[in-house]
Amino acid sequence: MRLIVIAVASTAVSTSTESTQQAIGYPTLFLLVLIGALVPVVPTGALVSSAAVVAFHHASPFALLAVFGVASLAAFLGDVTLYWLGRRGIGSKNGSRWLEAIRARAPEDRLAQAQERLADHGVAVLTLSRLVPAGRIPVMLACLMARMSLRDFARGDVPACLAWAVTYQLIGILGGSLFPEAWQGVLAAVALTLALSGGPTLWRRVRRERGTAAR
């Protein structure tokens, strides 16, 4: 009888702890991804992958589904809000600090490529923009310069955010499946996402420096 009571109490504590973690974790994930979409310095992909690792180790399909829903919704709201702020900057005489921030993070060569792809493929280019490292901001600026409406941008951004959330969640599930402990999977997922996001940028910088040195 005493063993049964102890087991029930242990299960209740475990359930309560998990519920508390979910109550704190999901709003935190939502807020950080939203901020990362508005201020592109937060590694949002690493956040989603880390959350997916924890959900995978809980062996809860609901937790994985919740991570996907929270991340994709936060990314979409952040993108739409940033685009709306950028449109306000274009429409005003004095510009906008948000528009200037977008321009500062869109190199001329990446912007030119984004404008060509936008002209060729329309809003479909938004889907790939979130999957290509450092591709979101140049495409967003190209859409702003093309005077794309907020409705059209939002329609193209929905599949982009869904594909982005699925991709980084799969990275987290992969990291979680390779290691027995959740923290090990988190480290692996963070390292992989940072390598994917920072590797191409570092490679372009090295090539640019080599070209400058050769000239």
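About the criteria used
Residues numbered from 1 in each chain as written. Predicted model: local features only at pLDDT ≥ 70, side-chain atom pairs only at ≥ 80, totals over all residues. Heavy atoms only, no water. 1 Å grid on protein atoms, 1.4 Å probe; cavity = no way out; pocket = protein on both sides within 12 Å on 5 of 7 lines; lining within 4 Å. Points joined across faces, edges and corners; volume = space filled by probe spheres on them. Helix = DSSP H or I, 4+ residues; strand = E, 2+ residues; numbered from the N terminus. Nonpolar A, V, L, I, M, F, W, Y, C, P; charged D, E, K, R; others polar. Axes fitted to C-alpha atoms, helices over the stretch in contact; angles between N-to-C directions. Parallel < 35°, antiparallel > 145°, perpendicular 65-115°, else oblique. Left-handed = near helix turned anticlockwise from the far one by under 90°. Contact = heavy atoms within 4.5 Å. Core = buried A, V, L, I, M, F, W, Y, C linked by side-chain atoms within 4.5 Å. Buried < 20%, exposed > 50% of the residue type's maximum accessible area, 1.4 Å probe, protein only.

Asker: What is the right way to look at empty space enclosed by the protein in this model?
Answerer: Under the criterion given, the structure shown has one cavity of 30 Å³ or more. Volume-wise, the largest cavity comes out at about 40 Å³. Lining the largest cavity are Asp-79, Leu-126, Ser-129, Arg-136, Met-140, Phe-153 and Asp-157. Residue assignment for the lining of the largest cavity shows that the elements contributing at least two residues are α6 (125–129), α7 (136–145) and α8 (150–178). Across the lining of the largest cavity, the residue classes tally to three nonpolar, one polar and three charged.

Asker: Can you walk me through the packing of helix α2 (residues 44–57) against α8 in this structure?
Answerer: Closest axis-to-axis distance for the α2/α8 pair is 7 Å, and the angle between their directions is 50°. Overall, the two elements α2 and α8 adopt an arrangement that is oblique. Of the two elements, α2 crosses α8, and the hand of that crossing is right-handed. Residues Thr-44, Gly-45, Val-48, Ser-49, Ala-52, Val-53, Phe-56 and His-57 of α2 touch α8, and the partners they reach there are Trp-164, Ala-165, Tyr-168, Gln-169, Ile-171, Gly-172, Ile-173, Gly-176 and Ser-177. A breakdown of the residues in the contact of α2 with α8 according to their chemical character gives nine nonpolar, eight polar and no charged.

Asker: So what exactly am I meant to see when it comes to the packing of helix α5 (residues 108–121) against α7 here?
Answerer: Geometry of a packed helix pair, given as the angle between the helix axes and the separation of the axes. One can describe the packing of α5 onto α7 by two numbers: an axis separation of 8 Å at closest approach and a directional angle of 60°. It follows that α5 is oblique to α7 by the angle criterion. Note that α5 runs across α7; the crossing there is right-handed. Residue-level contacts link Arg-110, Leu-111, Ala-114, Gln-115 and Leu-118 of α5 to Pro-138, Val-139, Leu-141, Ala-142, Cys-143 and Met-145 of α7. A breakdown of the residues in the contact of α5 with α7 according to their chemical character gives nine nonpolar, one polar and one charged.

Asker: What exactly am I supposed to notice about the nonpolar core here?
Answerer: Nonpolar side chains in soluble globular proteins tend to end up buried together. In this structure, Tyr-26, Leu-29, Val-33, Val-48, Val-67 and Trp-164 are the most contacted members of the largest nonpolar core, which totals 20 residues. Where this core is concerned, the elements lending two or more residues are α1 (2–38), α2, α3 (61–91) and α8. In terms of residue count, α3 provides more of this core than any other element does, eight residues in total. Beyond its immediate sequence surroundings of up to four residues, Trp-164 is in contact with Val-33, Thr-44, Gly-45, Val-48, Ala-71, Ala-75, Arg-130 and Leu-131. Counting 19 residues, the second largest nonpolar core, distinct from the first, contains Leu-82, Leu-111, Leu-126 and Ile-137.

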